[in-house]
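For reference, the chains in residue letters:
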Amino acid sequence: MTTIKAAVCHEFGAPLTIEDVALRPPSGGEVEVTLEAVAICHSDISFAEGAWGGSLPAVYGHEAAGLVTAVGDGAKVPVGASVVVTLIRACGSCPNCATGKPTICETPYDGDQGPLKTVDGGMLHQAMACGAFAEKVVVDQSQVVVVPDALPKDAAALISCGVITGVGAVVNAAGLRAGQDVVVIGAGGVGLNAIQGARIAGARRIVAVDMSDEKLAMAREFGATDGVLATDPRPWRAAMQAMGRGADAVIVTVGAIPAYDSAPRYLAAGGKVVMVGMPHSGQASSYEPVILAATGQGMVGSKMGDVVIQRDIPWMVDLYQQGRLKLDELISGRWTLDQINEAIADTKGGAAKRNVIVF
């Protein structure tokens, strides 16, 4: 066992504590990655606040990048490779994996039995199959993608979740085509990437909807053609006026029930709501199904942008290298592991796009 530093959650809603933890070596098809950067995602914050339950103590973090420093006997990733680390652990053989849907792999993973332990040998939950608020991780090789050494690790880390989720929701889940119109509700980290995805896909009008004028200004920097304040009593009217019609796709990137309640109102006949943002467990929204049925509209959930990481992440890296995908501009601040609680507080303040812990 190797001793590393990690940010540990002992109580939902309480600050994380930086402490020594034990990490076992990789076995089988696992790889050990020494991290150089891990971004803070709102999903990490929601988990640490108890929004979806789970075991404690736990190490969160799932949007990371670093260098492979050890491998198991069955791993095919070379030691020394630069990689991004995702939470998408795919068995490769269940019905969903076999049909190209690894983000919803049906093979369960028990993070209580993962590679992490407390220094005295007690259970330490590896949250989201990553536990990346730490100096090192041991993950299955299906969770990593080799990237160019020259790709900055702080930018690379963002691809692991926020970028693939936002871009993938538009390109894969919505199947947006050139010339179509899209509404993106929420202009945070995932929303900005959905806007980028719509721009890359050739959308005619990209309407960002958010509570903040500052966020709408950022949305325009990332490709939105129009911005609508969600505080308007009927924001869908302004969006439709900007598009001249309803949207072909509405991407909901925030886990807010009012956003889900209003999403279908932005749609054109035949349009689709793509549900990306994750409300807390137990929260519910309601619709008139007769309207969706009569107008041929639809609603679909999208986990992690429905990506196949070995296909989609290299494509996104290429887009970044061509200057067509913004990554550096997504970084609001760089922090040390010791500053993680301050970085989380800054993220919760709402102004940050992505805060990144660098090692």
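Scroll up to find the structure.
The rules behind each value
- Residues numbered from 1 in each chain as written.
- Predicted model: local features only at pLDDT ≥ 70, side-chain atom pairs only at ≥ 80, totals over all residues.
- Heavy atoms only, no water.
- Pairing = 2+ DSSP bridges.
- Helix = DSSP H or I, 4+ residues; strand = E, 2+ residues; numbered from the N terminus.
- Axes fitted to C-alpha atoms, helices over the stretch in contact; angles between N-to-C directions.
- Parallel < 35°, antiparallel > 145°, perpendicular 65-115°, else oblique.
- Left-handed = near helix turned anticlockwise from the far one by under 90°.
- Contact = heavy atoms within 4.5 Å.
- Polar contact = N/O pair within 3.5 Å; in protein donor to acceptor, adjacent residues only side chain to side chain.
- Salt bridge = Lys/Arg side-chain N within 4 Å of Asp/Glu carboxyl O.
- Buried < 20%, exposed > 50% of the residue type's maximum accessible area, 1.4 Å probe, protein only.
- Disulfide = S-S within 2.5 Å.
- Arc of directions from axis to C-beta.

Caption draft 1: Expanded view of the pairing of strand 2 (residues 17-23). By the bridge criterion, 7 bridges tie strand 1 (residues 2-8) to strand 2 in an arrangement that is antiparallel. The residue of strand 2 that forms the bridge with Ile 4 is Val 21. Alignment of strand 2 against strand 7 (residues 116-118), held across 3 bridges, turns out to be antiparallel. Opposite Leu 23, over in strand 7, you have Leu 116 as the bridge partner.

Caption draft 2: Spotlight on the sheet that holds strand 11 (residues 181-185). If you walk across this open sheet you meet the 6 strands as 13-12-11-14-15-16, and the pairing is parallel. Since the sheet does not close on itself, it has two edges, and those belong to strand 13 (226-229) and strand 16 (298-301), each with one partner. The sheet shows a mean angle of 20° between the axes of neighbouring strands, direction not considered. Sheet analysis places strand 14 (residues 247-252) next to strand 15 (residues 267-275), joined by 5 bridges and oriented parallel. Bridging across to strand 15, Val 252 finds its partner in Met 275.

Caption draft 3: The packing of helix 3 (residues 153-173) against helix 4 (residues 189-201), seen in detail. Relative orientation of the contacting elements helix 3 and helix 4 amounts to 45°, with a least axis distance of 7 Å. Relative to helix 4, helix 3 is oriented oblique. In the packing of helix 3 onto helix 4, the handedness of the crossing is right-handed. Contact residues: helix 3 offers Gly 162, Val 163, Thr 165, Gly 166, Val 167, Val 170 and Val 171, while helix 4 offers Val 190, Asn 193, Ala 194, Gly 197 and Ala 198.

Caption draft 4: Looking closely at the side chain of Asn 193. Within the element layout of this structure, Asn 193 appears in helix 4. Of note is the side chain of Asn 193, whose polar atom sits 3.0 Å from the side chain of Gln 196. Setting aside chain neighbours within four positions, we find Asn 193 in contact with Gly 162, Val 163, Gly 166, Val 167 and Leu 330.

Caption draft 5: Here's a closer look at the pattern of salt bridges. In this structure the tally under the stated criterion is 11 salt bridges. In this structure, the salt-bridge partner of Arg 245 is Asp 181, at a minimum N-O distance of 3.3 Å. A residue pair is termed long-range when its members are at least 10 positions apart, and Arg 245 in the loop between helix 6 (235-243) and strand 14 and Asp 181 in strand 11 qualify at 64 residues. The class for Asp 181 is buried, based on a relative accessible area of 1%.

Caption draft 6: Representation of the state of the cysteines in the model. Inspection of the entire model under this criterion finds 0 disulfides. You can see Cys 105 has no disulfide; the closest cysteine sulfur is in Cys 91, sitting 3.7 Å from it. Residue Cys 105 is classed as buried on the basis of its relative accessible area of 18%. Not part of a disulfide, Cys 130 finds its nearest cysteine sulfur in Cys 161, a span of 9.4 Å.

Caption draft 7: Main features of helix 5 (residues 213-221). If you check which residues of helix 5 are buried, you get Lys 215, Leu 216, Met 218 and Ala 219. Buried residues of helix 5, viewed axially, fall in a sector of 160°; they line one side. Of the exposed residues in helix 5, the ones pointing more than 90 degrees away from its buried face are Asp 213 and Glu 221. On its buried face, helix 5 sits against helix 4, strand 12 (205-210) and strand 13. Put simply, Ser 212 is the residue that caps the front of helix 5, since its side-chain oxygen is 3.1 Å from the backbone nitrogen of Glu 214. Gly 223, located one to two residues past helix 5, shows a positive phi value of around 130°.

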